[in-house]
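Survey of secondary and tertiary structure
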Amino acid sequence: MSKLLVVIGITGQQGGSVAELYAKEAGWKVRGISRDPSKAESWTAKGVEVVKADLNDTESLVAAFKGANAIFSNTDFWNQFYNPATQEKLKPGQSINEYCYDVELQQGKNVADAAATVEALDRLIMSSVCNVKKLSKGKYTWVYHFDAKANAVEYIQEKYPKLAAKMSIVQIGVYMNNWKYNKPTKQADGTYRFSIVGSGRTPLPHFDTEKDTGYVVHAALQSPPGKNVLAAGSMLSWSDYAKVWCEVNKVPFGGYDEIPIQTYEKHIPVPGLGKEWGEMFLFMDEFGYTGGEEGVVHAQDLGVPCPLTTWKEYIMKNDVWADVL
């Protein structure tokens, strides 16, 4: 009898990658969750059951999780952040970052409350990241999209110890396809320079989320629960990241420039985004992507086959660099 994997956010990069792999995995069947199943009709042809459920509605999650042996959960800070209608929902004096934090944290709690009702559940895989505020000892307080996910995990650990005993965490690294927001720029002398907040010297995990999330979740599900798994195809500083890009594209690397966060914020037109990202870059530069959290292991070290795309491979296989070059 096949086991049932319920995938939250099947139309997203993470959920889609997990569903793509497990739709072909012997001994498993996949149920995908979407607020609008009409947007996920292509999955039906792949043998995936698609049901309507909303992360803001616990009862809909209880119904969607029924009979699940495993659940892959990922919540979304950015959907409401970029939605213009969100501005009308803010309380007096509340930033959009704080609002989106509250929404995402509640979604994580709703997932936990619903998952705790599933008797057949063997494993809960939480897509999460580290608690920036706690690990930086309050130095960085504006990385809300990290802390919402981390606080949801802590909620599970505190309220549902039995569920926590079945839980594994997957920390998704820097999305490789976010290169468009952080790309080298051509200089008058023909070289390419890269600039971002921070020194650019700290190795960071870079990850092909759309392609490889399924492999990491697969490795986590084949390993004992309790793992805190870092998903990284390459560990590279921003400076080395730019060097590899220049090397593959056969253009000269001109160097790395550190941008002060105040300057960075002024150049990001979306209110609240410059500070959110700027503090994230500063935290990662000073404390590392996982903030020195104990017990974090790389997916490749789980002892299970886990083929992940390197940054060099990603550059070579994606012909998207014409605008930069």
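Residues numbered from 1 in each chain as written. Predicted model: local features only at pLDDT ≥ 70, side-chain atom pairs only at ≥ 80, totals over all residues. Heavy atoms only, no water.

Some thoughts on the sheet that holds strand E13 (residues 253-259)
Put simply, the rule is: Pairing between two strands requires that DSSP report at least two bridges joining them. Helix numbering and strand numbering both begin at the N terminus, where a helix is a DSSP run of H or I of at least 4 residues and a strand a DSSP run of E of at least 2.
With mixed pairing, three strands are arranged side by side in an open sheet as E8-E9-E13. Looking at the sheet topology across the chains shown, the edges are occupied by strand E8 (185-186) and E13. Sheet topology places E8 next to strand E9 (residues 192-197); two bridges connect them, and they run antiparallel. Across the sheet, residue Lys186 finds its bridge partner in E9, namely Tyr192.

Considering the pairing of strand E10 (residues 204-207)
The two faces of the sheet receive side chains in turn, since in a regular strand these alternate between them. Stated precisely, the cut-off is as follows: For the exposure calls, accessible area comes from a 1.4 Å probe over protein chains only, and a residue counts as buried if that area is under 20% of its type's maximum, exposed if over 50%, partly exposed in between.
Burial of E10 is two-sided: the residues Leu204 and His206 facing one way and the residues Pro205 and Phe207 facing the other way are all buried. Across two bridges, strand E7 (residues 174-175) lies against E10 in parallel orientation. Residue pairing in the sheet places Tyr175 in a bridge with Phe207 of E10. Note: E10 against strand E12 (residues 234-236), three bridges, orientation antiparallel. Each residue of the ladder has a partner; that of Pro205, found in E12, is Met235.

Section: the UniProt feature "domain: NmrA-like" (unreviewed entry) in the protein chain
Where we set the bar: UniProt positions are given in the numbering used here, feature names are shortened, and annotations may be inferred rather than shown by experiment.
When the UniProt feature table is mapped to this numbering, "domain: NmrA-like" (unreviewed entry) covers residues 1-314. Span residues 1-314 is 38% helix and 20% strand, its end C-alpha atoms 37 Å apart.

Details of the sheet that holds E7
Strand order in the open sheet formed by three strands is E7-E10-E12, with mixed pairing between adjacent strands. Each of the sheet's edge strands pairs with one partner strand only, and the pair in question is E7 and E12.

Some words on the packing of aromatic side chains
Formally: When the centres of two rings from Phe, Tyr and Trp lie within 6.5 Å, Trp using its six-membered ring, the rings pair. Their planes under 30 degrees apart give stacked, over 60 give edge-to-face, and anything left gives tilted. In this scheme, the term charge over a ring applies when either NZ of a lysine or CZ of an arginine sits within 6 Å of the ring centre and within 35 degrees of the ring normal.
Taken as a whole, this structure holds 27 aromatic pairs when the rule is applied. Taken together, a centroid distance of 5.5 Å and an interplanar angle of 70 degrees make the contact between Trp142 and Tyr144 edge-to-face. Neither Trp142 nor Tyr144 differs from the other in exposure class; each is buried. Residues Trp245 and Trp321 carry aromatic rings whose centres are separated by 6.1 Å and whose planes lie at 80 degrees to one another, so their mutual orientation is edge-to-face. A residue pair is termed long-range when its members are at least 10 positions apart, and Trp245 in helix H10 (residues 238-248) and Trp321 in the segment after helix H13 (311-317) qualify at 76 residues. Under the relative-accessibility criterion, Trp245 is labelled buried at 2%. By relative accessible area, which is 4% here, Trp321 ends up buried. Aromatic rings pair up to connect Trp179, Tyr192, Phe194, Trp238, Tyr241, Trp245, Tyr256, Tyr264, Phe281, Trp311, Tyr314 and Trp321 into one cluster. For Lys46, the ring lying beneath its charged end belongs to Trp43, and the centroid distance is 4.5 Å.

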